[in-house]
Amino acid sequence: MSGAGDLLLDVQGLEVDIPVAGGTLHAVRGVSLSARRGETLCIVGESGCGKSLTSLALMGLLPASAKRRAERLSLAGEDLMSASPRRLRALRGDRMAMVFQDPMTCLNPSLTIGDQLTETFLRHGKGNRRAARDRAVALLERVGMAAATNRLGQYPHQLSGGLRQRVVIAMALMCGPDLVLADEPTTALDATIQLGILQLLAELQREMHMALVLVTHDLGIVARIADRVAVMYAGEVVEEGPASIVFGAPRHPYTRGLMDCIPQPGRTAPGTRLGTIPGMVPSLVGDLRGCSFRGRCPYAMPVCAEPVAVRDGPDGHAWRCVLPGETLVRAA
Amino acid sequence: MSAIPPILELRGVHKRYTVGAGMLARRRTLTAVAGVSLKVDRGEVLGLVGESGCGKSTLARMMLGLEEPSEGEVLLDGRPIGSLGRLERGRLVQPVFQDPYSSLNPRRNVAAIIGLPLAVHGVGTAAERRDAVEEMLGLVGLAPRHAEAFPSQLSGGQRQRVAIARALVLRPTLVVCDEPTSALDVSVQSQILNLLLDLREKLGLSYLFISHNLAVVQMLAGRVAAMYLGRVVEEGVAERVLGHPRHPYTAALLASVLTPDPSLGLPEMRLGTAFPNPLSVPPGCAFHPRCPAVFDRCPREAPALLPCPEGGRAACHLVEQPEGGPPPAGLVQAA
């Protein structure tokens, strides 16, 4: 675990509602998260669990139809809920930056790498063109791109997927942000390229003493890079804590179920069946009461239909389940 | 000649494309597949692994008869694929593709999608086809009520079950699965992988299973072939190839598998970042610009795919001359 830096991102009771035909979709339901400087927090979950909407809500980038509420949403002590759009624009790209999944769609195909890198820097008034250019070259070199000066004149299509993602990361770092939010930054890449990008993110996070919030569906990535993990299901954080505890001794049946679903070389014998999570995610339209996982949970009891309180364990480990103390073991 | 020919055999298969559109652009040849020889025996699962652009999907398309090789032969059940009629071919080999969102016709219901191969080939009467569809639904774990549903009403996992049912309705011997679970969530992926294992046992199927996820391949495949820039660089029994890889590329692929083990941290990446470009394949061993064990011979001379002492084949100079150069055992990295 990295040392306890100051609390940088503090989110309490975040809700995101999206109006849909036939009601309101409660996509994010009472999510509380925090990230300190020098810490990597991973938000993990399957499609539709609300992890991407959570990250967009933090950045204030939700679609116009979505409604955001929160008891608290602050960056370095500054309240983001009451911040003006102008102030938010000043913070985004400067104090908090985002790395998106697909580098082909978040880079402008008609502008050079150099233009796109320097734009944020100039826009936030960090210095003149000369300084912006120097910073861009330095960062491109830092993210492992050879011949950085020549890259400035290149267009995105001239780069491979892995290099484009390196450019996007360099872009996010131009103003030296306190917080970097990365939403599935390596999902579009090959495993060998993915590893390089993850190593780079981890190094930069340490070097620049940033908070890194990484959103992914891949438990392997989470286990290897996270200091702390938040597991999301149906719009809620169902388990949260230090990666070693959440993966070593998961307390929520959904976390346990997810871990049993993935084949592990050397441990899953050829031809053995994997664990499964039967059933489907409940509809998030309308009112939901009780544990959202109870319809698929092998341990479900009548009491699960009542609202479930969050339980706390040591080292900031918390989970939303009524099951008594003992660790869940893998079903034989 | 043995009595039973392998269900699929590739002999020195090449596929070249001419690229370079536009008035001024020079025409260039892209070699997607460069001399691949492989076979899949009946009842066997061959895993095919490699990064994007290594030619694995082009190879799959040639096995399905969707592309013709520029050179070399594709044999299904011992006969050249071009000599087979469409129905004959369809009864031997069928595909399951990656994305069940784009591989199913959104305007047809599930029964029509699964029954289409039968209807196209005029197999059986309408009533027999209905029975066959119903049987398929049960086989892949869908309820009879799903027959009337449209793809948009199904989840990703259900759609992939429909795609599998459609592939099996002609009762093929070989199913070519091209990244069948990459678009799915992990909890759905495990259901589909279990289903593929069950179906193989029940129907005695052979799979050619293409995936970039070595953990998935390890669970399913009896034999594994690794491809790099259009060539097979290592091939053999899965236990040997994935347990003791002899080619540095296979070792690197294995090292990049991230298991959910927080005590391990991120493994060290020993591969160079030079992106493999099929339009300019490096001379000698195509892998040498990224290889952690490269030596003077590699850029000069392309290694042949030769038998390894431990079994299987590998295309690496280190394997050819075990007494010279750095010890190949040093390449094996614990996952």
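Structural notes on the overall build of chain B
In terms of helices and strands, chain B carries 10 helices and 12 strands. For chain B, the C-alpha atoms occupy an extent of roughly 70 × 50 × 50 Å along the three principal directions. The buried share among the 335 residues of chain B stands at 51%. For chain B, long-range pairs separated by at least 24 residues make up 67% of all intrachain contacts whose partners lie at least 6 apart in sequence.

A look at the overall build of chain A
Summing up its helical and strand segments, chain A has 11 helices and 13 strands in all. In summary, chain A has a C-alpha radius of gyration of 21 Å against a globular reference of 20 Å for 332 residues, a match within 12%. Along the three orthogonal principal directions, the C-alpha set of chain A runs to about 65 × 50 × 40 Å. Expressed as a percentage of the 332 residues in chain A, the buried residues total 47%. Pairs at least 24 apart in sequence give 66% of the contacts found in chain A among residues at least 6 apart.

A short note on the interface of chain B and chain A
Contacts between the two partners involve 39 residues from chain B, matched on the other side by 42 residues from chain A. Counting residues per element, the ones that place at least two in the side of chain B that touches chain A are α6 (186-203), α7 (214-220), α8 (238-243) and α9 (248-255) of chain B. If you tally residues by element for the side of chain B that touches chain A, the top one is α6(B), at eight residues. Taken together, the residues of the side of chain B that touches chain A sort by class into 22 nonpolar, 14 polar and three charged.

Examining the environment of B:Pro282
Residues and elements named next belong to chain B. Along the polypeptide, Pro282 turns up in the loop between α9 and β11 (306-307). Taking the C-alpha atoms as reference, Pro282 lies 20 Å from Val13; in sequence the two are 269 residues apart. When sequence neighbours within four positions are dropped, the list of residues in contact with Pro282 reads His288 and Pro289.

With respect to the nonpolar core
Grouped together as the largest cluster of nonpolar side chains are 202 residues, with contacts concentrated most on A:Leu179, A:Val213, A:Val222, A:Val231, B:Met63, B:Leu208 and B:Phe209. Here the element with the most residues in this core is helix α7 (residues 161-173) of chain A; it accounts for eight residues. For B:Met63, the residues in contact, after removing those within four places along its chain, are B:Leu8, B:Val74, B:Val93, B:Val176 and B:Leu208.

A short note on the sheet that holds strand β9 (residues 223-228) of chain B
All names here are of chain B. Read from one edge of the open sheet, eight strands run β6-β7-β8-β3-β9-β10-β12-β11, paired in mixed fashion. The open sheet is flanked by β6 (93-96) and β11, the only strands paired with a single partner. Pairing geometry for β9 and strand β10 (residues 231-237), over six bridges, is antiparallel. Bridge assignment links Val224 to a residue of β10, and that residue is Gly236. Against the sheet, helix α5 (residues 156-168) touches β6 and β7 (174-178), its axis set at about 170° to β6.

Observations concerning the packing of helix α4 (residues 113-123) of chain A against helix α5 (residues 129-142) of chain A
Residue and element names in this part refer to chain A. At a minimum axis separation of 9 Å, α4 and α5 run at an interaxial angle of 120°. It follows that α4 is oblique to α5 by the angle criterion. For the pair α4 and α5, the sense of crossing is right-handed. Residue-level inspection shows Gly114, Leu117, Thr118, Phe121 and Leu122 of α4 in contact with α5, the latter providing Arg129, Ala132, Arg133, Arg135 and Ala136. Looking at the contact of α4 with α5 residue by residue, the classes come out as five nonpolar, two polar and three charged.

Thoughts on the confidence of the model for chain B
Detailed reading of the predicted coordinates is not advisable wherever pLDDT falls low. All names here are of chain B. A residue-level look at chain B finds 93% of positions with pLDDT of 70 or above and a mean pLDDT of 89. Within the model, the stretch residues 322-335 combines pLDDT values under 50 with 22 contacts to residues more than four positions away or in other chains. Here the predicted complex scores 0.88 on pTM and 0.85 on ipTM.

Side note on the pairing of strand β8 (residues 206-210) of chain B
Residues and elements named next belong to chain B. Counting buried residues in β8 gives five out of five residues, a clear majority hidden from the surface. Burial along β8 is two-sided: the face carrying Ser206, Leu208 and Ile210 and the face carrying Tyr207 and Phe209 are both buried. Here strand β3 (residues 45-49) pairs with β8 via four bridges, running parallel. Residue Val45 lies in a different strand from β8, and its bridge partner there is Tyr207. Note: β7 against β8, five bridges, orientation parallel. Following the sheet pairing, Val176 is matched in β8 by Leu208.

Looking at helix α1 (residues 51-59) of chain A
In terms of burial, α1(A) is a largely internal element, seven of the nine residues being buried. A:Gly60 lies just past α1(A) and shows a positive phi near 70°.

Notes on the sheet that holds strand β7 (residues 96-99) of chain A
Residue and element names in this part refer to chain A. The eight strands lie next to each other as β7-β8-β9-β3-β10-β11-β13-β12, forming an open sheet whose pairing is mixed. Each edge of the sheet is formed by a strand with only one pairing partner; in this case those strands are β7 and β12 (311-312). The sheet contact formed by strand β11 (residues 236-242) and strand β13 (residues 318-319) spans two bridges and is antiparallel. Looking at β13, one finds that Glu240 is bridged to Ala318. The sheet strands contacting α1 are β3 (40-44), β7, β8 (179-183), β9 (211-216) and β10 (228-233), and the helix crosses β8 at an angle near 150°.

Calculation rules
Residues numbered from 1 in each chain as written. Chains lettered and ligands numbered in written order. Predicted model: local features only at pLDDT ≥ 70, side-chain atom pairs only at ≥ 80, totals over all residues. Helix = DSSP H or I, 4+ residues; strand = E, 2+ residues; numbered from the N terminus. Buried ≥ 20, exposed ≤ 12 C-beta atoms within 10 Å, placed from the backbone. Contact = placed C-beta atoms within 7 Å. Rg over C-alpha atoms; globule rule 2.2 N^0.38 Å. Nonpolar A, V, L, I, M, F, W, Y, C, P; charged D, E, K, R; others polar. Core = buried A, V, L, I, M, F, W, Y, C linked by C-beta atoms within 7 Å. Pairing = 2+ DSSP bridges. Axes fitted to C-alpha atoms, helices over the stretch in contact; angles between N-to-C directions. Parallel < 35°, antiparallel > 145°, perpendicular 65-115°, else oblique. Left-handed = near helix turned anticlockwise from the far one by under 90°. pLDDT = per-residue confidence, 0-100.

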